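Chain residues, written in single-letter form:
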Amino acid sequence: MRQYRYIDFRDREQIAARYLNGDRVADIAAGLGVTTATVYRELKRGETGGLDRNQRREYNPVLAQQRVQENFKRRGKPAAANAKGGVRVGN
């Protein structure tokens, strides 16, 4: 059985800092203990439509967090499930 954990806002901030620093997605994923697919999904979730200083798609952790919370609200998740404001991800 897979273990799941939620990506919280601190994880999103780490993703943003490391991604802007030019780190590879595989390295970011290893540092967080998640799969590379999880980081790619998270980058897509927080995409702003612009490019960062590395000429990669810009990622905003606040925008990603807002989208997660909107999705929880839309799906009717109970408050306890989204208390951390995270997303369930596989390792």
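Residues numbered from 1 in each chain as written. Predicted model: local features only at pLDDT ≥ 70, side-chain atom pairs only at ≥ 80, totals over all residues. Heavy atoms only, no water.

Q: I would appreciate a short explanation of the overall build of the protein chain in the present structure.
A: Per the secondary structure count, the protein chain includes four helices and four strands. A total of 91 residues make up the protein chain; the buried ones form 33% of that total. Across the protein chain, the fraction of contacts at a sequence separation of at least 24, relative to all contacts at a separation of at least 6, is 56%. Here the protein chain has roughly 6000 Å² of accessible surface; of this, 46% comes from carbon and sulfur atoms. (Helix = DSSP H or I, 4+ residues; strand = E, 2+ residues; numbered from the N terminus. Buried < 20%, exposed > 50% of the residue type's maximum accessible area, 1.4 Å probe, protein only. Contact = heavy atoms within 4.5 Å. Areas by Shrake-Rupley, 256 points an atom, 1.4 Å probe, with all protein chains shown as cover.)

Q: Is there a simple way to explain the packing of helix 2 (residues 25–32) against helix 3 (residues 36–45) in this structure?
A: If you want to describe how two helices pack, look at the angle between their axes and the distance between the axes. Two numbers describe how helix 2 lies on helix 3: the axes approach to 8 Å, and their chain directions differ by 110°. Taken together, helix 2 and helix 3 sit at an angle that is classed as roughly perpendicular. Facing Val25, Ala26, Ile28 and Ala29 of helix 2, the residues of helix 3 in contact are Thr36, Val39, Tyr40 and Leu43. Classifying every residue of the contact of helix 2 with helix 3 by side-chain character gives seven nonpolar, one polar and no charged. (Axes fitted to C-alpha atoms, helices over the stretch in contact; angles between N-to-C directions. Parallel < 35°, antiparallel > 145°, perpendicular 65-115°, else oblique. Nonpolar A, V, L, I, M, F, W, Y, C, P; charged D, E, K, R; others polar.)

Q: How should I be thinking about the packing of aromatic side chains in this particular structure?
A: The geometry of an aromatic ring pair is captured by the separation of the ring centres together with the interplanar angle, meaning the angle of the planes. Applying the stated criterion across every chain yields a total of zero aromatic pairs. One residue, Arg56, lies across the ring of Tyr19, its end atom 3.9 Å from the ring centre. (Phe/Tyr/Trp six-rings, centres within 6.5 Å; stacked < 30°, edge-to-face > 60°. Lys NZ or Arg CZ within 6 Å of the ring centre and 35° of its normal.)

Q: Sorry, what's going on with the packing of helix 1 (residues 9–20) against helix 4 (residues 61–75) here?
A: Between helix 1 and helix 4, the least distance of the axes is 9 Å, while the angle of their chain directions is 145°. As helix 1 runs across helix 4, the sense of the crossing is right-handed. The segment helix 1 lies against helix 4, with Phe9, Arg12, Glu13 and Ala16 engaging Pro61, Val62, Ala64, Gln65 and Val68. The class makeup of the residues in the contact of helix 1 with helix 4 is six nonpolar, one polar and two charged. (Left-handed = near helix turned anticlockwise from the far one by under 90°.)

Q: Can you help me understand the nonpolar core in this one?
A: Nonpolar side chains in soluble globular proteins tend to be buried together. Counting twelve residues, the largest nonpolar core is built from Ile15, Ala16, Tyr19, Val25, Ile28, Ala29, Leu32, Val34, Val39, Leu43, Tyr59 and Ala64. Of all the secondary structure elements, the ones that give two or more residues to this core are helix 1, helix 2 and helix 3. Considering each element in turn, this core owes the most residues, four residues, to helix 2. Those residues in contact with Ala29 that sit more than four places away from it in its chain are Val34, Thr35, Thr36 and Val39. (Core = buried A, V, L, I, M, F, W, Y, C linked by side-chain atoms within 4.5 Å.)

Q: I would appreciate a short explanation of the confidence of the model for the protein chain in the present structure.
A: One rule of thumb: low pLDDT means the predicted coordinates there are not for detailed reading. With 81% of its residues at a pLDDT of 70 or more, the protein chain shows a mean pLDDT of 86. For the protein chain, per-element mean pLDDT is lowest for strand 4 (residues 87–90), which scores 54, and highest for helix 1, which scores 97. (pLDDT = per-residue confidence, 0-100.)

Q: How should I be thinking about the pattern of salt bridges in this particular structure?
A: Pairing between side chains of opposite charge can happen when the charged atoms of each approach one another. Per the counting criterion, the structure on display carries five salt bridges. Residue Asp27 pairs with Arg24 through a salt bridge whose shortest N-O separation is 3.2 Å. On the basis of relative accessible area, Asp27 is assigned to the partly exposed category, the value being 34%. With its nearest N and O atoms 3.8 Å apart, the salt bridge here joins Arg57 to Glu47. With Arg57 in strand 3 (residues 57–59) and Glu47 in strand 2 (residues 47–51), this residue pair connects regions lying ten residues apart in the sequence. Given a relative accessible area of 54%, Arg57 falls into the exposed group. Taking relative accessible area as the criterion, Glu47 reaches 23% and is therefore assigned partly exposed. (Salt bridge = Lys/Arg side-chain N within 4 Å of Asp/Glu carboxyl O.)

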